[in-house]
Amino acid sequence: MFCLVFALSGCSGFTSKSNITNLLSAPKLSENESSIVAAIEDYLGDDVNLKYSQNQGYSAPIQLIDINHDRVQEALVFYYAPNKGTNIRFAMLSHSDDSWSVVMDKEGLGNEVFYFDTAALPNLKNRQIMVGYQSANIDGNFFVTYFTDTEKNIEDYAESCQHIIAGDMTGNGYDDIIITKASHSGSISVNVLAFTDQLTFVNMGQRSLKYANIDVEQLIIKKLKSGRSALFADYTDSYSRMHTEVYAIENGRIVSCLADGIVSRNWEHQPCITSRDIDGDGYIEIATVVQPQHPDEVPSFKYLEWRDWTDKEQTRVYYGVFDIRDGIFMALPDQWQDKVYAVALENGMEIVKAEDQQTLISLTEIDSVSQIESSAYSYPLYMGTKLWHLECSEDMNMTQIEYVYKSITDLN
């Protein structure tokens, strides 16, 4: 959907029109991007500085998206105007006759963007623009929807929040907005906002998470095997524990999708083991710690099992070891549980049999494929920006080797 016109960078401060494209933190603008910036400056009668996201709210300050489905892309721009206050500004421009013109220009509700998306809402033709703002001097964030259907003339919708995610929770084929809110007592509530025939958002329901004074690590919306959509909320508390709660909309109410209401595990490390589709089957699994550490192991190894806790069977998907140092999870054959342990290497790890200390698997970071000789027991692996060498014992059968090779995952 997005045309990523240049890479994320960190830019702040004042600049003039003559040097805007020469900032050390910003790549050189293309001719089209320069035309977009010039159109905003002509509209304002003032120089502007493109605003890069420090919090990954958007991928680039200029994004090209077809908002009104006419096969012509509009430009969405986050920028800072030195003479227009301290808040970030947002503009939308249309393109016709080889020129850009400003059709929307707004002052944001903060000096950083932590969330950005476009959404399809019922009873509206265009995609609508959703932004989450935060400010360094304000305890709390703001969610804003900028409506782009000019014939409807709907005022911007704004509400305070902590976190935001959009997805179809109600099952009508359109996006709903899920926000979290913090109370004075420290509790966090999940609120589902749906867009109605009255062309406004209404709160479909509210549900407080079980624990207070928490840090929400992730909100995601995914389909369950039952076919309904559910919200997965992963969070950590102040007692080195991590929790996952899962909610769906049922008969207009927010209901839990977990038999016990919550999945909890002790977890004092970063990265957090948030819910994810670990096996690629289209459904979300949740990890728990299942095996104590071996006396010879360093604290960076955790033994996890992944299950779909929303499924009645709760069948185990993977058992394996997680190396917190590199954020790598390696699935191991189920029959190895409690019979192997991990050894930390300077550039990786080994899986060793507890009985006779035989090395079964070695995973090490390498600089080049030329450093290894590929064979039935030796493979190169790319994960993120790193290259790894997986070497297996000849005592392993090919089914076990393939299982390990295909399941190694970077959880960062």
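Each value, and the rule that gives it
Residues numbered from 1 in each chain as written. Predicted model: local features only at pLDDT ≥ 70, side-chain atom pairs only at ≥ 80, totals over all residues. Heavy atoms only, no water. Helix = DSSP H or I, 4+ residues; strand = E, 2+ residues; numbered from the N terminus. Buried < 20%, exposed > 50% of the residue type's maximum accessible area, 1.4 Å probe, protein only. Contact = heavy atoms within 4.5 Å. Areas by Shrake-Rupley, 256 points an atom, 1.4 Å probe, with all protein chains shown as cover. Core = buried A, V, L, I, M, F, W, Y, C linked by side-chain atoms within 4.5 Å. Pairing = 2+ DSSP bridges. Axes fitted to C-alpha atoms, helices over the stretch in contact; angles between N-to-C directions.

Caption draft 1: View of the overall build of the protein. If you tally the helices and strands in the protein, you get two helices and 29 strands. Residues counted as buried form 51% of the 412 residues belonging to the protein. Taking all contacts inside the protein whose residues are at least 6 apart in sequence as the whole, residues at least 24 apart take part in 46%. Counting only carbon and sulfur atoms, one obtains 45% of the accessible surface of the protein, whose full area is about 19500 Å².

Caption draft 2: Up close: unusual backbone geometry. With omega at 5°, the peptide bond leading from Gln-270 into Pro-271 counts as cis. Looking at the element boundaries, Pro-271 is found in the loop between strand S19 (263-266) and strand S20 (286-291). The residue Asp-97 is not glycine, and still its phi comes out positive at about 55°. You can see Asp-97 is positioned in the loop between strand S5 (89-96) and strand S6 (99-107).

Caption draft 3: Seen up close, the nonpolar core. Core analysis: the biggest nonpolar cluster contains 27 residues, and Met-330, Ile-361 and Leu-390 have the highest contact counts within it. Here Leu-390 is in contact with Met-330, Ile-361, Ser-362, Leu-363, Tyr-377, Ser-378, Tyr-379, Leu-381, Val-404, Tyr-405 and Ile-408, once residues within four sequence places are set aside. In terms of nonpolar packing, the next biggest core, distinct from the first, is built from 19 residues, Ile-40, Tyr-52, Tyr-79 and Val-102 among them.

Caption draft 4: Just the sheet that holds strand S21 (residues 301-307), in detail. As summarised here, the arrangement of the five strands in space is S20-S21-S22-S23-S29, forming an open sheet in which the pairing is antiparallel. Both edges of this open sheet fall to S20 and strand S29 (409-410), since each of them pairs with a single strand only. Contacts between helix H2 (residues 398-407) and the sheet are confined to strand S22 (316-323), strand S23 (328-332) and S29, with S23 contributing the most and set at about 155° to the helix.

Caption draft 5: Layout of the sheet that holds strand S9 (residues 141-146). The four strands are arranged S7-S8-S9-S10 in an open sheet whose pairing can be described as antiparallel. Across the chains shown, the open sheet's two edge strands, defined by having one partner strand only, are strand S7 (112-120) and strand S10 (157-161). The sheet shows a mean angle of 20° between the axes of neighbouring strands, direction not considered. Of the pairings in the sheet, the one linking strand S8 (residues 127-134) to S9 comprises six bridges and is antiparallel in character. Each bridged residue has a counterpart across the sheet, and for Met-130 the counterpart in S9 is Thr-145.

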